[in-house]
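# Descriptive analysis of the structure
This is what each chain is made of:
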Amino acid sequence: MKKRELGKSGLFVSEIGLGTMSLPDDPAESKNIIDAAIHAGINFFDTADLYDNGKNEELVGYALKGRRDEVILATKAGNKMNSTGDGWTWDPSKNHIMDAAKESLHRLGTDYIDLYQLHGGTMEDNVDETLDALESLKKEGLIRQYGISSIRPNVIKRFLDSGAAVSVMMQYSLLDRRPEEWFPMIHEAAASVITRGSIAKGLLTSDGLSRVQNSNGFASYSAEDLKIIIQALEKKTNDLHAAAIAFILDNKTIASALVGARTTAQLLDSIIAYEKNCSTDTMNELIELVAKSKYTDHRF
């Protein structure tokens, strides 16, 4: 699997990364999925301290035991769990970020985190204090690089302008192209995009139409509009999953497209899709179709 550099960080991540939030609770099953990912050439794994109140980090740490040097490991912080563990508050303070990083290191069973990401952000945050924490963690050797996971352009810009972030994680797919207007800003800051929602909650796969039945809509699409656009896309290509991944990776500002998987079979579906080609003509037709769908009555 090909790799791309995260910004100018010296960290080279696989073009497909595994977002681990969907991993099953069973440690053995999760390990099987991660082992299959590594075997297929995936070296980039993303989690967060918020996922299942830290248990997801423990699953990832267990699965990577003995293989830590083979991967680029990313996690996130900024959401502070309350004492009962059934909710959280936003806390980007230096004290919390420093403590959260050490707790994540313990759960992950590692001495360092390759990419540590602020898990959100507001314009009311003291960004200098947050960045001071991240720079301190770098100096201590506890993290190698840092980034932000956000969809707020003003928050992203201030974070990039004020520090040395190498990445921005955001939802992006063929069905949600809104972030494209921010890509030049991110590129100029010498950072890369990491996409989540890359296959739109499975809507952009062979299982897309069945998933529409249980959906209330997606991005700017109502449930009915979503059904129509998925049907129209499927008429243009014999492998929507492959086209969805190729669409993302066609943009060089993007370093890695994260996919989730609850089973090894789901992971392999995404890997097979990645390995397929999508012609330029087909891609252009899909892009034109999505653009058209925003301004017509959806009669394709």
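Everything numeric here is computed off the predicted structure, so don't read it as measured data. (Residues numbered from 1 in each chain as written. Predicted model: local features only at pLDDT ≥ 70, side-chain atom pairs only at ≥ 80, totals over all residues. Heavy atoms only, no water.)

## Here we look at the side chain of S192
Checked against the element boundaries, S192 lands in strand β11 (residues 192-196). One polar contact links the side chain of S192 to the main-chain carbonyl oxygen of E5, over a distance of 3.3 Å. In this structure, S192 is in contact with E5, L6, G7, V166, S167, V168, I186, T253 and A255, ignoring residues within four places of it in sequence. (Helix = DSSP H or I, 4+ residues; strand = E, 2+ residues; numbered from the N terminus. Polar contact = N/O pair within 3.5 Å; in protein donor to acceptor, adjacent residues only side chain to side chain. Contact = heavy atoms within 4.5 Å.)

## Comments concerning unusual backbone geometry
We note that D52 has phi near 55 degrees; this positive angle belongs to a residue other than glycine. Structurally, D52 can be placed in the loop between β4 (44-46) and α2 (55-63). Judged by its relative accessible area of 44%, D52 falls in the partly exposed class. The phi dihedral of A190 falls on the positive side, at around 60 degrees, and the residue is not glycine. Note that A190 resides in the loop between α6 (183-188) and β11. According to the relative accessible area criterion, A190 is partly exposed, its value standing at 31%. (Buried < 20%, exposed > 50% of the residue type's maximum accessible area, 1.4 Å probe, protein only.)

## Observations concerning empty space enclosed by the protein
Under the criterion given, the structure shown has one cavity of 30 Å³ or more. Of the pockets and cavities examined, the largest cavity occupies roughly 50 Å³. If you trace the largest cavity, you find it lined by L118, G121, T122, D125, V127, T130, I148, V155, R158 and F159. Listing elements by their share of the lining of the largest cavity, those giving two or more residues are α4 (127-139) and α5 (153-162). Sort the elements by how many residues they give to the lining of the largest cavity and α5 lands first, with three residues. Residues that form the lining of the largest cavity fall into these classes: five nonpolar, three polar and two charged. (1 Å grid on protein atoms, 1.4 Å probe; cavity = no way out; pocket = protein on both sides within 12 Å on 5 of 7 lines; lining within 4 Å. Points joined across faces, edges and corners; volume = space filled by probe spheres on them. Nonpolar A, V, L, I, M, F, W, Y, C, P; charged D, E, K, R; others polar.)

## Section: the pairing of strand β5 (residues 72-77)
β5 sits mainly inside the fold: six of its six residues count as buried. Neither face of β5 is open: one carries I72, A74 and K76, the other L73, T75 and A77, and all of them are buried. With three bridges connecting them, β4 and β5 associate as parallel partners. Each bridged residue has a counterpart across the sheet, and for F44 the counterpart in β5 is I72. Regarding topology, α2 serves as the crossover connection from β4 to the parallel β5, and that connection is right-handed. Sheet topology places β5 next to strand β8 (residues 113-118); four bridges connect them, and they run parallel. (Pairing = 2+ DSSP bridges. Right-handed = clockwise from strand over helix to strand, strands pointing away.)

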